[in-house]
Amino acid sequence: MKPFLKWAGGKRWLFESGQFSPPGLAGKYIEPFLGGGAVFFKIQPQDALLGDINGRLIELYIVVRDEWEKFERLLSKHAALHSEEYYYEMRAKCLRKPVTRAAQFMYLNRTCWNGLYRENKHGKFNVPIGAKQTVIFPNDDFKAWSKVLKSATLVHQDFETTIDSAGKGDFLFIDPPYTVRHNLNGFIKYNQKIFAWEDQIRLCEALRRAVSRGANFAMTNADHESVRSLYKGFGQHTQLGRHSVIAAKALNRSRSTELLITK
């Protein structure tokens, strides 16, 4: 099952490239950086805890899970009205109801530039319109996505709180925010704003505590010496190859590497 969101750093390519196979689950599936949820929808666990610091994102998943029919009707209305003028009109609106906010979020995700989510200093979504015009796809199945999400507890909270809930037999899939286009130089400079180095340290410490309680994990991260050094002697390290997709022109979407750490 493919995710319904396009999200920067999404991990659908992991399965399509054959470089990662989901493990068998003995306990709960836990994902503290949910994003597009590609791994969750691939595994379809019976018991899951899904978290993210982006409250609008979590609200969308809750609405798809609990009100998918009304959500789909609202999204269809956006599709019928879509234009450049309508896009910027909807981007500027502050809506009150969770289901209308969720449909707005989904509409903007599918029509903005590269599915990118970015806010200005006032917390307002500010990504320009993209080239794609499709809002509703032929293979959209919000009923099926809703059914899979019924197994999940969705939480808007910091990653450390989510990881600290993991216990014996639980499996964590970890995909923190990071950029890879500068993975051979300037890692701290280019990543500090999206996921500070202090957060990388907090993440490592939280994973060590989770493992000590009997949990296992798989984490993708920047393939950089600082990250490898932080996790030295902890878990199995594997270099993954991929093409970067977040670039204005296809020619700039160069091949890069990411790091997979499993324990």
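Residues numbered from 1 in each chain as written. Predicted model: local features only at pLDDT ≥ 70, side-chain atom pairs only at ≥ 80, totals over all residues. Heavy atoms only, no water.

### Description of the packing of aromatic side chains
As enumerated under the stated definition, the model contains 21 aromatic pairs in all. Where Tyr-29 meets Phe-171, the ring centres are 6.2 Å apart and the plane angle is 35°; that geometry is what we call tilted. Of the two residues, Tyr-29 sits in strand β1 (residues 29-31) while Phe-171 sits in strand β4 (residues 171-174), which places them 142 residues apart along the sequence. According to the relative accessible area criterion, Phe-171 is buried, its value standing at 8%. Each residue in the set Phe-4, Tyr-29, Phe-40, Phe-41, Tyr-61, Phe-71, Phe-142, Trp-145 and Phe-171 is aromatic and connected to the rest through ring pairs, giving one cluster. The lysine or arginine in question, Arg-208, covers the ring of Phe-234, its NZ or CZ lying 4.4 Å from the ring centre. (Phe/Tyr/Trp six-rings, centres within 6.5 Å; stacked < 30°, edge-to-face > 60°. Helix = DSSP H or I, 4+ residues; strand = E, 2+ residues; numbered from the N terminus. Buried < 20%, exposed > 50% of the residue type's maximum accessible area, 1.4 Å probe, protein only. Lys NZ or Arg CZ within 6 Å of the ring centre and 35° of its normal.)

### Considering unusual backbone geometry
Even without being a glycine, Gln-44 presents a positive backbone phi close to 50°. Judged by relative accessible area, Gln-44 falls into the partly exposed class, the value being 34%. Of note, the phi angle at Asn-114 is positive, near 60°, even though the residue is not glycine. Here Asn-114 is to be found in the loop between α6 (98-111) and α7 (142-149). Residue Asn-114 is classed as buried on the basis of its relative accessible area, which comes to 14%.

### Comments concerning the pattern of salt bridges
What the rule picks out here adds up to twelve salt bridges. Here Asp-140 makes a salt bridge to Arg-110, at a shortest N to O gap of 2.6 Å. In this pair, Asp-140 is assigned in the loop between α6 and α7 and Arg-110 in helix α6, connecting sequence segments 30 residues apart. In terms of burial, Asp-140 and Arg-110 fall into one category: buried. The shortest N-O distance in the salt bridge between Arg-202 and Asp-158 comes to 2.8 Å. (Salt bridge = Lys/Arg side-chain N within 4 Å of Asp/Glu carboxyl O.)

### Focus on the environment of Trp-113
Relative to the assigned elements, Trp-113 resides in the loop between α6 and α7. For the pair Trp-113 and Ile-129, spaced 16 residues apart in sequence, the C-alpha to C-alpha distance is 5.4 Å.

### Topic: α6
Compared with an ideal rise of 1.5 Å per residue, which puts 14 residues at 20 Å, α6 spans 20 Å between its outermost C-alpha atoms and is within 8% of the ideal. Among the 14 residues that make up α6, twelve are buried, leaving the element largely enclosed by the rest of the structure. Along α6, the residues classified as buried are Val-99, Arg-101, Ala-102, Ala-103, Gln-104, Phe-105, Met-106, Tyr-107, Leu-108, Asn-109, Arg-110 and Thr-111. Against α3 (55-66), α4 (68-81), α5 (84-92) and α7 lie the buried residues of α6. (Expected span 1.5 Å × (residues − 1). Contact = heavy atoms within 4.5 Å.)

### Structural notes on the pairing of strand β2 (residues 48-52)
Among the five residues that make up β2, five are buried, leaving the element largely enclosed by the rest of the structure. With burial as the criterion, each face of β2 is covered, one bearing Ala-48, Leu-50 and Asp-52 and the other bearing Leu-49 and Gly-51. Relative to β2, β1 runs parallel, the two sharing three bridges. Along β2, the bridge assignment pairs Tyr-29 with Ala-48. Between β1 and its parallel partner β2, the chain crosses via helix α2 (residues 38-43), and the hand of that crossover is right-handed. Here five bridges tie β2 to strand β3 (residues 152-156), and the two strands are oriented parallel to one another. Across the sheet, residue Asp-52 finds its bridge partner in β3, namely His-156. (Pairing = 2+ DSSP bridges. Right-handed = clockwise from strand over helix to strand, strands pointing away.)

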